[in-house]
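Architecture and fold: a report
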Amino acid sequence: MNILIAKQKLQYFMSVRADNSDLLREQYRAFTRQMPMMYFILLSSTWALATTHVEVAPSWLTIGVPAVFTVGCTLRIAFWWKTRGVDPSPKVAHAALQRTNRLAVGIAIAFTLWSFSLVPYGNAYTQSHVAFYMAITVISCIFCLMYVRSAAFIVTVIVNGAFIVFFLASQQPTFIAIAINVLLVCAGMMSILLTNYRNFERMVVSQQRTEALSNENLLLANIDSLTELPNRRAFFTHLESELEKAKITGTRLALGVIDLDGFKPVNDLYGHSVGDRLLVNVSKRLSASLKASKAFRLGGDEFAIVAPIIPDDVQLVANANAISEQLRAPYHMPEGTVHVSASMGIAVFPNLASTLEQLFDRADYALYHAKKTRRGDAVLFDAEHEKQINIEARIEHMLKQKDMEKELSVVFQPIVDIRDGRANGFEALARWHSPVLGQVPPDQFFSIAERAGIVSSLTRPLLKTALTAASKWEPSLRLSFNLSAHDLNSCEGVLRLVGIIENSGFDPQRLDLEITETAFAHDFEQVRQSVEVLRRLGCGISLDDFGTGYSSLTRLHALPLTKIKIDRSFVTDLHKKPASYKIVKSLLTLSRDMGLECVVEGVEIPEELEALEGLGATLVQGYVYAPPMREPDIGEFLSQQSSKRMVL
């Protein structure tokens, strides 16, 4: 058994390892640098020895044999010199090293026999040269062959074994001393060689482990751990690469940015674990629906598709809508069936986008447009969008000017109690007249300010102006004022609002602050805390545009609301649309059951007002009573109301 184990160890020691491709390559690279030097040393030493024997030994030994050695060694030098800088396959490297192992036997025997054949010729000096030749040659070969230990060992055993036996047998004390000395030196060198080889092997293995760890870290850094899709970092790297290819080849490249509609309510209703599983299912559907394109998760419920091979624009949008349709199909989970849709914005290089930043920004803008006007569908960025971007960029630039407050003003629209026709209060509405742009619609400049993150710089001066005007009203009138979600997103922001209200001198209990359902898409816990701070101050809290969002019903109990406002989209032609009629009726019933006041906004014509009165609505806002008016006109409006009631 011990003999078998020893035999296996010897076979392992004498073989060239084939199980580590990196080690093979490194050994091969080392040989391409060292083998030419070994053959050069062999040839130079051989011709030096032949020269000292040329006058005493036959020509075939001193010229013929060295010439043959020279041809063979020159061929091997040419082979290794030619392969410098080549990165061989593991198979090629293994074959070359095995060939070196075999050649080591032949070369060692050939040079040893030749050197021994010269010993009978000449005197003690020439014989000493033979001993020196064999000793110095074997030492140099050990150094040059150190990265293939089996070859070094073969050369050492053959040359040294023959050398020691031969010179010990000579019974010459000098040669015996040289033989013993060479034996000890070579033994020490073999020990050093084996140590260096082990260190070399460990270094290669350590590099492999380091590279493997680096690759694993790189993979982890570029893969989304939840969905296992490439992440945002990988997305921009891939997009940059594909964009460069498209520029070189002159082809088109499409980028689609996807955002899930209705994902946040799923998180709120079922919890984050269900939301995570939903994202995993979405990613699987998305990946399954793609062929040449590649999907990424950018973060949250936002995904992206990079498509290097795209059809014409019409077909591109059709394909994108087909993907949206697949993502819209119900998701059946243990907790229940979940429904979400997917809006997508698409931009195409080089059509209206020539850089990576433009491509991404324009796909994102198209997504914004899709969510705003065509929720659940795909929208391709076009020339009209580019025109709109230029307009919005100009508006954003003007919004950031220093004297912006001077261009803002406030108008007021009455909120009327239809039971007695008296004004319950007024809603403050922002207006902006720019000397450069003219009159800019509030829905336009407010949405731009929100996207740019500067809406609070508009809200605060407008609130000051509205409170200053409302301070002059009779105590029975209330003021309604709209807040942006950005105003409630931080403790600092809400404290600044509190400071404005307290410094105004206006009674906070007469102030209704309106928030929209878009606030729920932000940090809801922070929004809730901000609302509670304002509520403790005494302010009423109204939920504006009620019914147009998708999360309000799950949030009504979580916020200390005092009032809801039914959006005008349900009120238009209410008397002609049974569906709208039923919706408004349900919302009015819901508000009464929850003990909340309800304002119906956007009432334009007497027929709508009559229908609302029949449903039991009390507070109404709209052109049926009055359009938004400037502060000086409020007194006249109130006087006209009083006159009408007196006549009645």
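Everything below is about the structure printed above this text.
So, here is what we can say about the structure in this document.

Definitions and cut-offs
- Residues numbered from 1 in each chain as written.
- Predicted model: local features only at pLDDT ≥ 70, side-chain atom pairs only at ≥ 80, totals over all residues.
- Heavy atoms only, no water.
- Salt bridge = Lys/Arg side-chain N within 4 Å of Asp/Glu carboxyl O.
- Helix = DSSP H or I, 4+ residues; strand = E, 2+ residues; numbered from the N terminus.
- Buried < 20%, exposed > 50% of the residue type's maximum accessible area, 1.4 Å probe, protein only.
- Core = buried A, V, L, I, M, F, W, Y, C linked by side-chain atoms within 4.5 Å.
- Expected span 1.5 Å × (residues − 1).
- Pairing = 2+ DSSP bridges.
- Axes fitted to C-alpha atoms, helices over the stretch in contact; angles between N-to-C directions.
- Contact = heavy atoms within 4.5 Å.
- Right-handed = clockwise from strand over helix to strand, strands pointing away.
- Phe/Tyr/Trp six-rings, centres within 6.5 Å; stacked < 30°, edge-to-face > 60°.
- Lys NZ or Arg CZ within 6 Å of the ring centre and 35° of its normal.

1. Topic: the pattern of salt bridges
- Under the counting rule described, the total for this entry stands at 24 salt bridges.
- Across the pair glutamate 325 and arginine 328 runs a salt bridge, and its minimum N-O distance is 2.4 Å. Taken together, the residues span about one helical turn, with glutamate 325 and arginine 328 both in helix H11 (residues 313-328) at a distance of 3 residues.
- By relative accessible area, arginine 328 is classed as partly exposed at 27%.
- Arginine 568 is the salt-bridge partner of glutamate 604, the closest N and O atoms lying 3.5 Å from each other. With glutamate 604 in the loop between strand E15 (597-601) and helix H21 (606-615) and arginine 568 in the loop between strand E14 (563-566) and helix H20 (578-593), this pair connects stretches of sequence that are 36 residues apart.
- A residue is classified by how much of its surface remains accessible, and arginine 568, at 42% relative accessible area, is partly exposed.
- Residues participating in the shared-partner salt-bridge network are Asp259, Asp261, Lys371 and Arg375.

2. A word on the nonpolar core
- Leu399, Phe412 and Leu479 are the most contacted members of the largest nonpolar core, which has 74 residues in total.
- Examining the composition of this core, we find that 7 residues originate from one element, helix H16 (residues 456-470), more than from any other.
- Core analysis: the second largest hydrophobic core is formed by 59 residues, Ala93, Cys144, Val148 and Ile154 among them.

3. Observations regarding helix H10 (residues 272-288)
- With 17 residues, H10 should reach 24 Å at 1.5 Å per residue; the first-to-last C-alpha distance of 24 Å fits that figure.
- Buried within H10 are the following residues: Val274, Gly275, Leu278, Leu279, Val282, Ser283 and Leu286.

4. Looking at the sheet that holds strand E3 (residues 302-307)
- In spatial order, the strands read E2-E3-E1-E6-E7; together these 5 strands make up an open sheet with mixed pairing. The sheet is open, and its two borders are formed by strand E2 (294-299) and strand E7 (378-380), each paired with just one other strand. Sheet twist, expressed as the mean angle between neighbouring strand axes with direction ignored, is 20 degrees.
- Together, strand E1 (253-261), E2, E3, strand E6 (341-349) and E7 form the strand contacts of helix H12 (residues 356-373), whose direction differs from that of E6 by roughly 145 degrees.

5. Here we look at the pairing of E14
- The two faces of E14 match: Lys563 and Lys565 on one face and Ile564 and Ile566 on the other face are all buried.
- Pairing geometry for strand E13 (residues 540-546) and E14, over 3 bridges, is parallel. Along E14, the bridge assignment pairs leucine 543 with isoleucine 564.
- Here E14 pairs with E15 via 4 bridges, running parallel. Among the inter-strand pairings, isoleucine 566 is bridged to a residue of E15, identified as valine 600.
- Remark: the E14/H20/E15 crossover connection has right-handed handedness.

6. Regarding the packing of aromatic side chains
- Counted according to the given criterion, the structure contains 13 aromatic pairs.
- Here phenylalanine 235 and phenylalanine 236 contribute two aromatic rings whose centre-to-centre distance is 4.9 Å and whose plane-to-plane angle is 65 degrees, an arrangement assigned as edge-to-face.
- Since its relative accessible area comes to 0%, phenylalanine 235 is described here as buried.
- Exposure remark for phenylalanine 236: the relative accessible area of 27% places this residue in the partly exposed category.
- Three or more aromatic residues link up through ring pairs in this structure, and these residues are Phe235, Phe236, Phe296 and Phe360.
- In this structure, arginine 285 is placed above the aromatic ring of tyrosine 331, and the distance from its NZ or CZ to the ring centre is 3.6 Å.
- Above the face of the tyrosine 368 ring, arginine 451 is positioned so that its terminal group lies 4.0 Å from the ring centre.

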